[in-house]
Every structure is written in structure tokens, then in C-alpha cells.
Amino acid sequence: QGNEAEVAAFSVPSYACQRRTTLENHNTVLTDALSLLAENAELSEEDGRGVAFRRAAAVLKALPKPVASMTQLRGLPCLGEHSLRVIKDILENGASSEVESTKQSERYKALKVLTGIFGVGARTADRWIRDGIHNLRQLQDSGPTLNRAQQAGLEHYDDLNQPVSKSDADAIGEVVEKAVVSVLPGAHMTLIGGFRRGKLTGHDVDFLITHPEEGREVGLMPKLVSWLESQGFLLYQKTTRNSYLESKDGPARPASNMDRFERCFSIFKLTKEEKRGTKHPETLTENGTKPAGHKPWRAVRVDLVVSPISQFAFALLGWTGSKLFERELRRWAGHEKSMSLSSHALYDNRQSKYLRATSEEEIFAHLGLEFVPPSERNA
Ligand code: CTP
Ligand code: MN
Ligand code: MN
Ligand code: MN
């Protein structure tokens, strides 16, 4: 008797950036369900609903133990009516009917398969589905025009939908590091994204590159890409140059949270030799004689970003993620501090000035937040 009343209610602060969210999640059944609804909303271009489900999932990720009853959730932030209904369904029936029917819907399955192609977003997938294309076979048969990214994405579909391990990320890191120091001695490379947060697998590998002398990083990306290309490491790449300095609206107007660093979205060719950490034999490229069903390499998505040293701390913070943690940092800055945070800078609207920082710790301090290390940003 009185079991429910004995279960203490949880308490967490409102913003994900005020919380410490490790990879240890005591509520994976609930958070997987809410994440699936978030994903479905995002794939349907309902971003508001997507964020609401992401925030709800993030609150549950921060709880110190499994949720046993609805009463424990009283007073928790970010749990809307819809999310609470899903949670209740799972606690009472073991599953959410909405999640199960979404998962099984033809539309969701088609959106998943099609957006699983690198270079295909929700809008393209939706257009194809309306044209009757629901899977890769139908895509190949009906042959809509694919851009270069999508062609590469389709070609390496299976590899790119396999999780990337930390050891694969490290092997790629060694190659990129070597490339970086050979094209610009003294330059530094840092692993960012999910692997910096301690994740054991990822959908890609992200690197941030800078040079301790301001300005020396200019022009680095094309050289880096040429080096990697000449060694046969790139199956695809698209480089976007830095548009920060030349943009009309000046620095740090994060109306768009898209940053403007020089960056490269690539598909990296990781060979067995690189995995073992030995030298890359020039002869390993498959010249016509591909062994059927087996190849001595795999394709991996790799993102490269170059930042000037003056913006490095902001770039590091902005590219470490998680995506929700970043979004919450910006929301905190704007709503609670009247500041604008981007991956380039922090602007204080009250003082009408930029706040300098050379470390992530300083940025958290400017924002009036306790420092949260990368491993606790897994919101
Ligand atoms: N990011 C960004 N602009 C982009 C893409 C990503 O600022 N166009 C940032 C994201 O906000 C995130 C980080 O880069 O903080 C890493 O993004 P991503 O690789 O997509 O996610 P991960 O957290 O690394 O997750 P995964 O392990 O699945 O790669
Ligand atoms: Mn715990
Ligand atoms: Mn990543
Ligand atoms: Mn990435």
C-alpha cells in the first residue's frame, strides 16, 4: 500500500544546458519512443513538434533512475500533454500505440530509407514518395536526377548506414592529423561531435582544425582536401568556404544557427590498413577487380571544419553537440541572458559588445552557467 506515494518525484532544471546528461540513460524505452516521434516530426518538416519531443526525451535522459509511475513526473519541465500521453501508454501497456503505428507506417519507413541516403533531406524524400518512390529499388528504377552527393550516398548506402566505431574514428583521425600537419605545420586538429562526448559509435566523424597564429588557417581546407584526395582517401567531398567575414550582417547574428566556417562534408575511404594503424599501400585501390561481396575498405562520413584561433572556443562548443544541448545553450543565452551565442562568438545585447573567450569554461561563465564537460552534454 502507498507504493506510489513513496516514489519520490524527480526534479530537473528547465534547460538541458543546466543539466548533466551522461550516456547512462535509465529510461531508454521511453526516450527511444519519444525520439522516434521527434524524428518522424522532423522528417515531416514539423520542426516545432520535433523539438518538443526532443526536449521531453532529454528530460527523461537526465533522470537518475527509471520512471516507475506518472506521479514521479509531476512538475518536470518540457513534458507536454502529448509526451505525457506517450509515456503513460508505455508505463501502463508496455508500448505506445502511436509509436508502434508510426514505426509501421509506409510513410515513415519510406522516409527513413530515402533520407538514409547521404544528400537526401526530408523535402526531397517527400517529393519522391509523392511520385511513388518508397525504396531504393523504386528509386533506381524510376531514376529521378540525383545530384553528386546523392549519387555518392546511394553508391555507399550500406557502409554509410553502418555505425562508425571509436576505433574507426581514431584511425581516420590519424590520417587527417597527418594531412593537417603536412599541409600546415603547427596546425591542430580536435575530435568533435559525438565522439568528443564519449559516444562509442557515431553516424560520422567530426574534426575541428585551427592554427595558434590567427590568419594562418586561411586557405587550409583546399590544401587539406587536395592532400587527402591525392592519397585516395576521399570518395566524395564538398567544400564550402568561410562566409563569416564577408557576410553583410556582420558577426554573430545567429538568426540562423548555421555557422559559416570553411568546412568540408566528405565520404572517407577507410582501408583495413588504416584500421590497423599501418601505412597506406598505394596499390590498395580496387582497379576493376572488386572481390564480390567483400572489400578491404569501408566508406565513412567525415566532417571537417576550420576555425581561426580567435573563434576556436566557440567553434569547439558549437560543434561538440549534442544538437539539443546546442539549441538549449542558444535558447538560454537569448531568453535568460539577452545574449546571442553562435559557433563564432557571443554577443551581449545589454552591453552591446562581444564577449571574448579562449576556452569553453569561459563561455559557460559568461552565460552564467556551471561548466558542463563534453561527456555530460549528451542531452
Ligand atoms: N553541426 C553544425 N552544423 C551542421 C551540422 C552539424 O553546427 N551543418 C553541429 C551540431 O550542432 C552538432 C555537431 O555539429 O553539435 C555534430 O553534429 P553531428 O555530426 O550531426 O552529430 P553528432 O552529435 O556528432 O552525432 P553522431 O554521432 O550521430 O554523428
Ligand atoms: Mn545513473
Ligand atoms: Mn557526428
Ligand atoms: Mn557531423
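Just above, that's the structure.
This text gives an overview of the structure that appears in the document. What you see is a predicted model; the values in this text were computed from it and never measured.

## Section: the pattern of salt bridges
Under the counting rule described, the total for this entry stands at 21 salt bridges. Glu-360 is the partner of Arg-196 in a salt bridge, and the nearest nitrogen-oxygen pair spans 2.9 Å. Of this pair, Arg-196 sits in helix H12 (residues 193–196) while Glu-360 sits in helix H17 (residues 360–366), and the two are 164 residues apart along the sequence. Of the charged contacts in the structure, one is a salt bridge between Glu-360 and Arg-377, with a shortest N-O distance of 2.8 Å. Residue Glu-360 is located in helix H17, and its partner Arg-377 is located in the segment after H17; the two are separated by 17 residues in the primary sequence. Taken individually, Glu-360 and Arg-377 each receive the classification buried, so the pair is uniform in this respect. The network of salt bridges with shared partners includes Arg-20, Glu-370 and Glu-376.

## Re the nonpolar core
Of all hydrophobic cores here, the largest spans 37 residues; its most connected members are Leu-34, Leu-60, Leu-63, Leu-73, Leu-76 and Trp-128. If you list the elements that add at least two residues to this core, you get helix H2 (28–43), helix H3 (47–61), helix H4 (81–93), helix H6 (106–115) and helix H7 (122–130). Element by element, the count of residues in this core is highest for H2, at 7 residues. Those residues within four positions of Leu-63 in sequence are excluded, and the remaining contacts are Phe-10, Val-12, His-26, Asn-27, Leu-73 and Leu-76.

## Some points on the site of ligand 1
In the vicinity of ligand 1 lie 17 residues, with Gly-194, Arg-197, His-203, Asp-204 and Lys-323 positioned nearest. Measuring from an oxygen atom of ligand 1, one finds a side-chain N or O atom of Asp-206 at 3.1 Å. Measuring from a nitrogen atom of ligand 1, one finds a side-chain N or O atom of Arg-263 at 3.2 Å. Here ligand 1 loses 82% of its free accessible area of 590 Å² to cover by the protein chains.

Rules behind the numbers
- All residue numbers refer to positions counted from 1 along the written sequence of the respective chain.
- Lettering for chains starts from A, numbering for ligands starts from 1, and both go in the order in which the items are written.
- For a predicted model such as this one, the threshold for reporting local features is a pLDDT of at least 70, and the threshold for listing and counting side-chain atom pairs is 80 or more; totals across whole chains, interfaces and linings nevertheless cover every residue.
- Note: side-chain values were computed over all heavy atoms of the structure, leaving out hydrogens and water.
- A side-chain nitrogen of Lys or Arg and a carboxyl oxygen of Asp or Glu constitute a salt bridge if their distance falls within 4 Å.
- The helix and strand labels rest on DSSP assignments: H or I over at least four residues marks a helix, E over at least two residues marks a strand, and numbering proceeds from the N terminus.
- Three labels apply to residues, based on accessible area from a 1.4 Å probe with only protein chains included: buried if under 20% of the type maximum, exposed if over 50%, partly exposed otherwise in between.
- Residues belong to one nonpolar core when they are buried, are Ala, Val, Leu, Ile, Met, Phe, Trp, Tyr or Cys, and are joined through side-chain atoms within 4.5 Å.
- Note on contacts: a residue pair is in contact if any heavy atoms of the two residues lie within 4.5 Å.
- If even one non-hydrogen atom of a residue comes within 4 Å of a molecule or strand, that residue is called near it.
- Counted as a polar contact is a pair of N or O atoms within 3.5 Å, where, for protein atoms, one must be capable of donating a hydrogen and the other of accepting one, and residues adjacent in sequence contribute only when both atoms are in side chains.
- Note that accessible areas follow from Shrake-Rupley with a 1.4 Å probe, and for residues the cover is restricted to the protein chains shown.

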